[in-house]
Amino acid sequence: MAGESFDTLVKGFTKEFGQIGGKGYDYPEVPRIPTGWFPLDLAMGGGFPLGKIAEVYAAEGSLKTTLALKLIASHQKLYPKKKCAFFAIEDAAWDKKRAEKLGVDVENTYVIEADYGESAIDMVEDLLGSPECGVVVFDSLAALLTTRELSKSAETRDVGGPAFLVTQLMRKVVGGIIRARKLGNHPTFIGVNQLRSKIGAYGPNPEDTAGGRALKYMCSTRLRLYAKDEKDPKYHKFLPVRKLVNFGIKKHKFPIVMSSGSDMKVCMIPYKGLKVGECDDFKLVCQYMMEHDLLKKNEKGVWLFDDAPLGSLKDLKTMFDEDEELARQVKTAIIDTEKSKANREEGFESEGTNKDDDGEDSPPDEDTKKPKKKSKKSDDDESEEEG
(Lines give C-alpha, C1' and ligand atoms only; values in the text may rest on other atoms or scores of the structure.)
Protein backbone atom coordinates (compact mmCIF):
# COMPACT_ATOMS: atom_id res chain seq x y z
CA MET A 1 0.00 0.00 0.00
CA ALA A 2 2.98 2.32 0.47
CA GLY A 3 3.53 4.86 -2.28
CA GLU A 4 -0.06 4.78 -3.59
CA SER A 5 -2.10 7.92 -4.21
CA PHE A 6 -4.83 9.20 -1.91
CA ASP A 7 -7.54 8.39 -4.45
CA THR A 8 -6.41 4.79 -4.72
CA LEU A 9 -6.15 4.40 -0.96
CA VAL A 10 -9.60 5.91 -0.30
CA LYS A 11 -11.17 3.69 -2.97
CA GLY A 12 -9.61 0.69 -1.26
CA PHE A 13 -10.85 1.85 2.14
CA THR A 14 -14.37 2.26 0.78
CA LYS A 15 -14.27 -1.21 -0.75
CA GLU A 16 -13.01 -2.75 2.49
CA PHE A 17 -14.88 -0.73 5.15
CA GLY A 18 -17.89 0.67 3.30
CA GLN A 19 -18.74 4.36 2.87
CA ILE A 20 -16.14 6.41 4.76
CA GLY A 21 -16.57 9.83 3.17
CA GLY A 22 -14.27 11.09 0.44
CA LYS A 23 -12.75 14.15 -1.16
CA GLY A 24 -14.82 17.26 -0.47
CA TYR A 25 -17.39 15.16 1.39
CA ASP A 26 -20.16 17.09 3.10
CA TYR A 27 -22.79 15.76 5.48
CA PRO A 28 -26.29 16.20 4.06
CA GLU A 29 -28.82 18.43 5.80
CA VAL A 30 -30.36 16.20 8.43
CA PRO A 31 -34.12 16.20 9.07
CA ARG A 32 -35.40 17.53 12.36
CA ILE A 33 -37.61 15.99 15.03
CA PRO A 34 -40.05 18.69 16.18
CA THR A 35 -40.90 18.92 19.87
CA GLY A 36 -44.37 20.41 19.36
CA TRP A 37 -43.33 23.50 21.33
CA PHE A 38 -43.19 26.20 18.66
CA PRO A 39 -40.76 28.63 20.40
CA LEU A 40 -38.24 25.82 20.92
CA ASP A 41 -38.68 24.40 17.42
CA LEU A 42 -38.28 27.89 15.95
CA ALA A 43 -35.07 28.55 17.87
CA MET A 44 -33.58 25.18 16.89
CA GLY A 45 -34.53 25.57 13.24
CA GLY A 46 -37.14 22.83 13.24
CA GLY A 47 -36.32 20.67 16.24
CA PHE A 48 -33.69 18.17 17.32
CA PRO A 49 -31.49 16.80 14.49
CA LEU A 50 -32.20 13.24 13.42
CA GLY A 51 -29.45 10.68 13.91
CA LYS A 52 -27.44 12.75 16.41
CA ILE A 53 -26.65 12.81 20.13
CA ALA A 54 -28.44 15.36 22.32
CA GLU A 55 -28.31 16.24 26.00
CA VAL A 56 -31.21 17.80 27.89
CA TYR A 57 -30.37 18.98 31.39
CA ALA A 58 -32.11 21.10 34.01
CA ALA A 59 -33.10 21.25 37.65
CA GLU A 60 -35.72 18.91 39.05
CA GLY A 61 -39.26 19.47 37.81
CA SER A 62 -38.20 21.28 34.63
CA LEU A 63 -39.95 18.97 32.11
CA LYS A 64 -36.83 17.11 30.96
CA THR A 65 -38.64 13.77 30.77
CA THR A 66 -41.72 15.44 29.25
CA LEU A 67 -39.60 16.86 26.45
CA ALA A 68 -37.98 13.48 25.81
CA LEU A 69 -41.39 11.82 25.58
CA LYS A 70 -42.61 14.57 23.23
CA LEU A 71 -39.65 13.80 20.98
CA ILE A 72 -40.54 10.11 20.97
CA ALA A 73 -44.15 10.94 20.07
CA SER A 74 -43.08 13.25 17.21
CA HIS A 75 -40.63 10.66 15.87
CA GLN A 76 -43.31 7.97 15.91
CA LYS A 77 -45.62 10.18 13.84
CA LEU A 78 -42.88 10.90 11.29
CA TYR A 79 -41.48 7.35 11.16
CA PRO A 80 -44.25 4.95 12.27
CA LYS A 81 -42.27 1.83 11.32
CA LYS A 82 -39.43 2.63 13.73
CA LYS A 83 -39.22 1.47 17.33
CA CYS A 84 -38.19 3.58 20.31
CA ALA A 85 -36.49 2.63 23.56
CA PHE A 86 -36.76 4.40 26.91
CA PHE A 87 -34.13 3.49 29.52
CA ALA A 88 -35.80 4.20 32.86
CA ILE A 89 -32.68 4.41 35.01
CA GLU A 90 -34.58 6.41 37.63
CA ASP A 91 -37.43 4.76 39.48
CA ALA A 92 -40.10 7.33 38.54
CA ALA A 93 -38.81 8.20 35.06
CA TRP A 94 -41.53 6.32 33.14
CA ASP A 95 -45.26 6.83 33.59
CA LYS A 96 -47.31 4.93 31.03
CA LYS A 97 -50.49 6.97 31.44
CA ARG A 98 -48.64 10.27 31.19
CA ALA A 99 -46.73 9.03 28.14
CA GLU A 100 -50.02 8.20 26.44
CA LYS A 101 -51.36 11.68 27.23
CA LEU A 102 -48.25 13.16 25.60
CA GLY A 103 -48.96 11.23 22.40
CA VAL A 104 -46.50 8.35 22.79
CA ASP A 105 -47.43 5.06 21.12
CA VAL A 106 -46.59 2.86 24.10
CA GLU A 107 -47.06 -0.32 22.06
CA ASN A 108 -44.03 0.63 19.95
CA THR A 109 -41.97 1.96 22.85
CA TYR A 110 -39.78 -0.46 24.80
CA VAL A 111 -39.19 0.49 28.43
CA ILE A 112 -35.93 -0.98 29.73
CA GLU A 113 -34.73 -1.09 33.33
CA ALA A 114 -31.08 -2.03 33.69
CA ASP A 115 -29.65 -3.33 36.96
CA TYR A 116 -26.33 -1.58 36.46
CA GLY A 117 -24.70 0.79 34.00
CA GLU A 118 -22.50 -1.67 32.11
CA SER A 119 -25.49 -3.79 31.08
CA ALA A 120 -27.35 -0.66 29.91
CA ILE A 121 -24.38 0.34 27.74
CA ASP A 122 -24.28 -3.08 26.07
CA MET A 123 -28.02 -2.94 25.40
CA VAL A 124 -27.78 0.56 23.90
CA GLU A 125 -25.05 -0.57 21.53
CA ASP A 126 -27.13 -3.51 20.30
CA LEU A 127 -30.29 -1.42 19.94
CA LEU A 128 -28.54 1.24 17.84
CA GLY A 129 -27.41 -1.50 15.47
CA SER A 130 -30.98 -2.60 14.79
CA PRO A 131 -32.50 -1.32 11.50
CA GLU A 132 -35.74 -0.64 13.41
CA CYS A 133 -34.15 1.71 15.96
CA GLY A 134 -35.56 5.24 15.95
CA VAL A 135 -34.98 7.04 19.25
CA VAL A 136 -33.16 5.90 22.39
CA VAL A 137 -33.78 7.95 25.54
CA PHE A 138 -31.61 7.61 28.63
CA ASP A 139 -33.27 8.98 31.77
CA SER A 140 -31.08 9.79 33.44
CA LEU A 141 -27.33 9.66 32.92
CA ALA A 142 -26.69 10.81 36.48
CA ALA A 143 -28.38 7.70 37.89
CA LEU A 144 -26.06 5.16 36.21
CA LEU A 145 -24.71 2.68 38.75
CA THR A 146 -21.39 0.92 38.22
CA THR A 147 -20.83 -2.73 39.12
CA ARG A 148 -18.07 -1.60 41.48
CA GLU A 149 -20.54 0.52 43.45
CA LEU A 150 -23.08 -2.29 43.38
CA SER A 151 -20.70 -4.94 44.70
CA LYS A 152 -19.05 -2.91 47.44
CA SER A 153 -20.37 -1.22 50.56
CA ALA A 154 -21.54 2.38 50.67
CA GLU A 155 -18.40 3.36 52.57
CA THR A 156 -16.21 2.55 49.54
CA ARG A 157 -16.02 5.46 47.13
CA ASP A 158 -15.80 4.90 43.41
CA VAL A 159 -14.06 8.14 42.43
CA GLY A 160 -14.60 8.90 38.75
CA GLY A 161 -16.59 5.72 38.20
CA PRO A 162 -19.80 7.31 36.86
CA ALA A 163 -17.81 9.68 34.63
CA PHE A 164 -15.88 6.76 33.17
CA LEU A 165 -19.17 4.95 32.59
CA VAL A 166 -20.70 7.88 30.70
CA THR A 167 -17.51 8.23 28.66
CA GLN A 168 -17.71 4.58 27.68
CA LEU A 169 -21.40 5.00 26.85
CA MET A 170 -20.67 7.95 24.55
CA ARG A 171 -17.97 6.04 22.68
CA LYS A 172 -20.38 3.14 22.15
CA VAL A 173 -23.18 5.47 21.04
CA VAL A 174 -21.00 7.38 18.57
CA GLY A 175 -19.74 4.15 17.03
CA GLY A 176 -23.23 2.67 16.90
CA ILE A 177 -24.72 5.73 15.16
CA ILE A 178 -21.92 5.82 12.57
CA ARG A 179 -22.35 2.13 11.77
CA ALA A 180 -26.14 2.56 11.55
CA ARG A 181 -25.73 5.52 9.20
CA LYS A 182 -23.73 3.38 6.78
CA LEU A 183 -26.65 0.93 6.70
CA GLY A 184 -29.13 3.71 5.92
CA ASN A 185 -30.58 4.11 9.42
CA HIS A 186 -30.41 7.26 11.55
CA PRO A 187 -31.08 6.50 15.23
CA THR A 188 -31.19 9.42 17.66
CA PHE A 189 -29.83 9.33 21.22
CA ILE A 190 -31.33 11.64 23.86
CA GLY A 191 -29.51 11.80 27.18
CA VAL A 192 -31.42 13.35 30.09
CA ASN A 193 -29.05 14.71 32.70
CA GLN A 194 -29.18 16.37 36.10
CA LEU A 195 -27.52 19.45 37.54
CA ARG A 196 -24.66 19.39 40.01
CA SER A 197 -22.67 22.12 41.75
CA LYS A 198 -18.91 22.43 41.39
CA ILE A 199 -17.17 21.90 44.70
CA GLY A 200 -15.22 24.97 45.78
CA ALA A 201 -16.12 26.86 42.63
CA TYR A 202 -16.25 30.64 42.67
CA GLY A 203 -18.15 32.80 40.23
CA PRO A 204 -21.68 33.48 39.07
CA ASN A 205 -22.32 30.03 37.60
CA PRO A 206 -21.11 27.09 39.70
CA GLU A 207 -23.52 24.61 38.07
CA ASP A 208 -22.30 21.52 36.27
CA THR A 209 -23.76 18.27 34.93
CA ALA A 210 -23.13 14.71 36.08
CA GLY A 211 -21.01 12.29 34.08
CA GLY A 212 -17.86 14.24 33.37
CA ARG A 213 -17.02 16.09 30.15
CA ALA A 214 -17.32 13.33 27.55
CA LEU A 215 -20.98 14.06 26.86
CA LYS A 216 -20.26 17.77 26.40
CA TYR A 217 -17.71 16.97 23.70
CA MET A 218 -19.58 14.26 21.82
CA CYS A 219 -23.15 15.55 21.71
CA SER A 220 -24.34 17.77 18.89
CA THR A 221 -26.97 19.52 21.02
CA ARG A 222 -26.96 20.67 24.65
CA LEU A 223 -30.25 22.13 25.80
CA ARG A 224 -30.68 23.80 29.18
CA LEU A 225 -34.26 24.13 30.46
CA TYR A 226 -35.55 26.56 33.07
CA ALA A 227 -39.02 26.20 34.59
CA LYS A 228 -41.26 27.92 37.12
CA ASP A 229 -44.57 26.72 38.51
CA GLU A 230 -47.79 28.47 37.60
CA LYS A 231 -50.62 27.62 39.99
CA ASP A 232 -54.37 28.11 39.87
CA PRO A 233 -56.25 27.70 43.18
CA LYS A 234 -59.41 26.77 41.27
CA TYR A 235 -57.73 23.49 40.26
CA HIS A 236 -55.24 22.73 43.01
CA LYS A 237 -53.77 24.57 45.96
CA PHE A 238 -50.21 23.26 45.69
CA LEU A 239 -49.67 21.51 42.33
CA PRO A 240 -48.97 23.64 39.24
CA VAL A 241 -51.38 23.70 36.31
CA ARG A 242 -48.70 24.99 33.92
CA LYS A 243 -44.95 25.40 33.79
CA LEU A 244 -43.40 28.63 32.58
CA VAL A 245 -40.48 27.16 30.64
CA ASN A 246 -37.52 28.94 29.09
CA PHE A 247 -34.47 27.44 27.45
CA GLY A 248 -30.94 28.06 26.32
CA ILE A 249 -29.15 26.17 23.53
CA LYS A 250 -25.69 25.81 25.05
CA LYS A 251 -24.18 23.90 22.12
CA HIS A 252 -25.22 23.18 18.55
CA LYS A 253 -23.46 21.63 15.57
CA PHE A 254 -26.22 22.45 13.12
CA PRO A 255 -27.87 25.68 11.89
CA ILE A 256 -30.19 27.31 14.41
CA VAL A 257 -32.23 30.51 14.39
CA MET A 258 -31.55 31.78 17.92
CA SER A 259 -29.93 30.49 21.09
CA SER A 260 -32.95 31.27 23.27
CA GLY A 261 -36.56 32.22 22.73
CA SER A 262 -39.89 33.23 24.20
CA ASP A 263 -41.25 31.77 27.41
CA MET A 264 -43.41 28.69 26.91
CA LYS A 265 -46.47 27.93 29.02
CA VAL A 266 -46.63 24.13 29.03
CA CYS A 267 -49.74 22.52 30.53
CA MET A 268 -49.34 19.92 33.26
CA ILE A 269 -53.07 19.09 33.18
CA PRO A 270 -55.82 19.78 30.61
CA TYR A 271 -56.09 23.55 31.01
CA LYS A 272 -57.80 26.31 28.99
CA GLY A 273 -58.46 24.11 25.98
CA LEU A 274 -54.94 22.65 25.84
CA LYS A 275 -53.92 19.04 26.46
CA VAL A 276 -51.18 17.76 28.77
CA GLY A 277 -47.76 18.76 27.45
CA GLU A 278 -49.08 21.27 24.92
CA CYS A 279 -47.67 24.78 24.70
CA ASP A 280 -49.75 27.95 24.45
CA ASP A 281 -48.01 29.37 21.36
CA PHE A 282 -50.90 30.75 19.29
CA LYS A 283 -50.05 34.44 19.89
CA LEU A 284 -46.43 33.90 18.86
CA VAL A 285 -47.50 32.02 15.73
CA CYS A 286 -49.85 34.87 14.80
CA GLN A 287 -47.05 37.39 15.33
CA TYR A 288 -44.78 35.59 12.88
CA MET A 289 -47.65 35.03 10.45
CA MET A 290 -48.20 38.80 10.30
CA GLU A 291 -44.50 39.37 9.72
CA HIS A 292 -44.57 36.92 6.81
CA ASP A 293 -47.86 38.29 5.38
CA LEU A 294 -49.68 35.04 6.03
CA LEU A 295 -52.06 36.92 8.32
CA LYS A 296 -53.10 40.53 7.76
CA LYS A 297 -55.96 43.01 7.90
CA ASN A 298 -57.55 44.56 4.84
CA GLU A 299 -58.75 48.13 4.52
CA LYS A 300 -62.07 47.25 6.14
CA GLY A 301 -60.34 45.79 9.22
CA VAL A 302 -61.13 42.17 8.35
CA TRP A 303 -58.53 39.53 9.16
CA LEU A 304 -57.24 37.62 6.14
CA PHE A 305 -55.51 34.25 6.38
CA ASP A 306 -53.79 33.46 3.08
CA ASP A 307 -56.15 36.03 1.46
CA ALA A 308 -59.21 34.21 2.85
CA PRO A 309 -61.43 36.29 5.18
CA LEU A 310 -61.79 35.36 8.84
CA GLY A 311 -64.41 36.43 11.33
CA SER A 312 -61.79 36.83 14.09
CA LEU A 313 -58.57 35.31 15.33
CA LYS A 314 -60.64 32.84 17.35
CA ASP A 315 -61.77 31.35 14.04
CA LEU A 316 -58.13 30.85 13.07
CA LYS A 317 -57.38 29.17 16.41
CA THR A 318 -60.39 26.88 15.93
CA MET A 319 -59.16 26.10 12.43
CA PHE A 320 -55.72 25.14 13.76
CA ASP A 321 -57.23 23.03 16.55
CA GLU A 322 -59.41 21.10 14.12
CA ASP A 323 -56.78 20.73 11.40
CA GLU A 324 -53.42 19.87 13.01
CA GLU A 325 -51.82 19.30 9.61
CA LEU A 326 -52.61 22.88 8.56
CA ALA A 327 -51.11 24.24 11.77
CA ARG A 328 -48.01 22.11 11.25
CA GLN A 329 -47.58 23.37 7.68
CA VAL A 330 -47.87 27.01 8.76
CA LYS A 331 -45.35 26.56 11.57
CA THR A 332 -42.96 24.68 9.27
CA ALA A 333 -43.15 27.47 6.67
CA ILE A 334 -42.35 30.09 9.34
CA ILE A 335 -39.42 28.07 10.70
CA ASP A 336 -37.95 27.45 7.22
CA THR A 337 -38.14 31.15 6.37
CA GLU A 338 -36.56 32.21 9.66
CA LYS A 339 -33.82 29.61 9.29
CA SER A 340 -32.96 30.84 5.80
CA LYS A 341 -32.88 34.41 7.09
CA ALA A 342 -30.55 33.41 9.94
CA ASN A 343 -28.26 31.54 7.53
CA ARG A 344 -28.03 34.60 5.27
CA GLU A 345 -27.12 36.79 8.22
CA GLU A 346 -24.39 34.32 9.20
CA GLY A 347 -23.11 34.24 5.61
CA PHE A 348 -24.08 30.62 4.88
CA GLU A 349 -26.56 31.66 2.17
CA SER A 350 -26.29 34.48 -0.35
CA GLU A 351 -29.23 36.78 -0.97
CA GLY A 352 -29.94 38.60 -4.21
CA THR A 353 -26.97 37.22 -6.16
CA ASN A 354 -27.67 35.70 -9.57
CA LYS A 355 -25.43 33.76 -11.89
CA ASP A 356 -24.92 34.74 -15.54
CA ASP A 357 -24.53 32.18 -18.25
CA ASP A 358 -20.76 32.62 -17.95
CA GLY A 359 -20.92 31.73 -14.26
CA GLU A 360 -20.10 35.25 -13.05
CA ASP A 361 -22.02 37.07 -10.37
CA SER A 362 -24.56 39.58 -11.62
CA PRO A 363 -26.02 42.49 -9.62
CA PRO A 364 -29.14 41.74 -7.58
CA ASP A 365 -32.58 42.72 -8.78
CA GLU A 366 -34.06 46.08 -7.87
CA ASP A 367 -36.43 44.45 -5.37
CA THR A 368 -33.59 42.85 -3.45
CA LYS A 369 -31.67 46.14 -3.23
CA LYS A 370 -34.34 47.73 -1.07
CA PRO A 371 -33.55 47.30 2.62
CA LYS A 372 -36.25 45.63 4.63
CA LYS A 373 -37.60 47.33 7.71
CA LYS A 374 -36.73 45.50 10.87
CA SER A 375 -39.59 44.65 13.15
CA LYS A 376 -39.65 45.62 16.77
CA LYS A 377 -39.26 41.96 17.72
CA SER A 378 -36.02 41.50 15.79
CA ASP A 379 -34.55 44.64 17.41
CA ASP A 380 -35.45 43.30 20.85
CA ASP A 381 -33.91 39.92 20.04
CA GLU A 382 -30.66 41.54 18.88
CA SER A 383 -30.45 43.66 22.02
CA GLU A 384 -30.94 40.51 24.15
CA GLU A 385 -28.22 38.66 22.27
CA GLU A 386 -25.81 41.59 22.69
CA GLY A 387 -26.63 41.70 26.39
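Residues numbered from 1 in each chain as written. Predicted model: local features only at pLDDT ≥ 70, side-chain atom pairs only at ≥ 80, totals over all residues. Heavy atoms only, no water.

Draft legend 1. Fine view of the overall build of the chain. Along its length, the chain carries 13 helices and 16 strands. Going through the 387 residues of the chain one by one, you find that 39% of them count as buried. Taking as baseline every contact in the chain between residues at least 6 positions apart, the subset at least 24 positions apart corresponds to 63%. For the chain, the computed accessible surface area is about 23100 Å², with 51% contributed by carbon and sulfur atoms. (Helix = DSSP H or I, 4+ residues; strand = E, 2+ residues; numbered from the N terminus. Buried < 20%, exposed > 50% of the residue type's maximum accessible area, 1.4 Å probe, protein only. Contact = heavy atoms within 4.5 Å. Areas by Shrake-Rupley, 256 points an atom, 1.4 Å probe, with all protein chains shown as cover.)

Draft legend 2. Quick look at the side chain of R224. Here R224 shows up in strand β9 (residues 221–230). According to the relative accessible area criterion, R224 is buried, its value standing at 7%. Side chain to side chain, R224 and E207 meet in a polar contact 2.9 Å long. (Polar contact = N/O pair within 3.5 Å; in protein donor to acceptor, adjacent residues only side chain to side chain.)

Draft legend 3. Representation of the state of the cysteines within the structure. Summed over the entire model, instances satisfying the criterion amount to zero disulfides. Here C133 stays free of any disulfide, with the sulfur of C84 as its closest cysteine sulfur at 7.7 Å. (Disulfide = S-S within 2.5 Å.)

Draft legend 4. Highlighting the packing of aromatic side chains. A full pass over the atoms with the stated rule returns eight aromatic pairs. Relative to F189, the ring of F138 lies with its centre 5.9 Å away and its plane at 40 degrees, an arrangement referred to as tilted. Remark: F189 occurs in strand β7 (residues 188–197) and F138 occurs in strand β6 (residues 133–139); sequence separation between them is 51 residues. Each of the two residues, F138 as well as F189, counts as buried. (Phe/Tyr/Trp six-rings, centres within 6.5 Å; stacked < 30°, edge-to-face > 60°.)

Draft legend 5. Examining unusual backbone geometry more closely. With an omega of 0 degrees, the peptide bond running from D139 to S140 counts as cis. Mapping S140 onto the fold places it in the loop between β6 and α6 (147–151). Here D293, not a glycine, exhibits a phi torsion of approximately 60 degrees, which is positive. If you trace the backbone, D293 turns up in the loop between α9 (282–291) and β12 (295–297). Phi angles above zero are rare outside glycine, and D307 is one such case at about 70 degrees. Counting through the fold element by element, D307 comes out in the loop between β13 (303–305) and β14 (308–310).

Draft legend 6. The arrangement of the pattern of salt bridges in detail. This structure, assessed with the given rule, holds 13 salt bridges. For K243, the salt bridge identified is with D229, shortest N-O distance 2.6 Å. Of the two residues, K243 is situated in strand β10 (residues 242–252) and D229 in strand β9; the sequence distance between them amounts to 14 residues. A salt bridge links R242 to E230, with the shortest nitrogen-to-oxygen separation between them at 2.7 Å. (Salt bridge = Lys/Arg side-chain N within 4 Å of Asp/Glu carboxyl O.)

Draft legend 7. Structural context of a nonpolar patch on the surface. On the surface, F13, F17 and I20 cluster together into a nonpolar patch covering about 280 Å² of accessible area. Topologically, I20 is positioned in the loop between α1 (6–17) and β1 (32–33). A residue is classified by how much of its surface remains accessible, and I20, at 40% relative accessible area, is partly exposed. (Patch = residues over 30% accessible without salt bridge, like charges linked within 9 Å, V, L, I, M, F, W, Y side chains within 5 Å.)

Draft legend 8. Spatial organisation of the packing of α9 against helix α11 (residues 324–346). Orientation of α9 relative to α11, taken along the N-to-C sense of each, is 60 degrees, at an axis distance of 10 Å. As far as their axial angle goes, α11 and α9 are oblique. The element α9 and its partner α11 pack so that their crossing is left-handed. For the pair α9 and α11, contact is made by V285, Y288, M289 and E291 and by V330, K331, I334 and E338, respectively. For the contact of α9 with α11, the per-class residue count stands at five nonpolar, no polar and three charged. (Axes fitted to C-alpha atoms, helices over the stretch in contact; angles between N-to-C directions. Parallel < 35°, antiparallel > 145°, perpendicular 65-115°, else oblique. Left-handed = near helix turned anticlockwise from the far one by under 90°. Nonpolar A, V, L, I, M, F, W, Y, C, P; charged D, E, K, R; others polar.)

Draft legend 9. Local environment of the sheet that holds β12. On the basis of which strands lie adjacent, the open sheet formed by three strands has the order β12-β13-β14 and antiparallel pairing. The sheet terminates laterally at β12 and β14, the two strands that pair on one side only. Shown here is a sheet whose adjacent strand axes are inclined to one another by a mean of 35 degrees, direction ignored. Pairing between β12 and β13: three bridges, direction antiparallel. Paired with K297 across the bridge in β13 is W303. Where helix α10 (residues 313–322) meets the sheet, it contacts β12, β13 and β14, and its direction lies at approximately 25 degrees from that of β13. (Pairing = 2+ DSSP bridges.)

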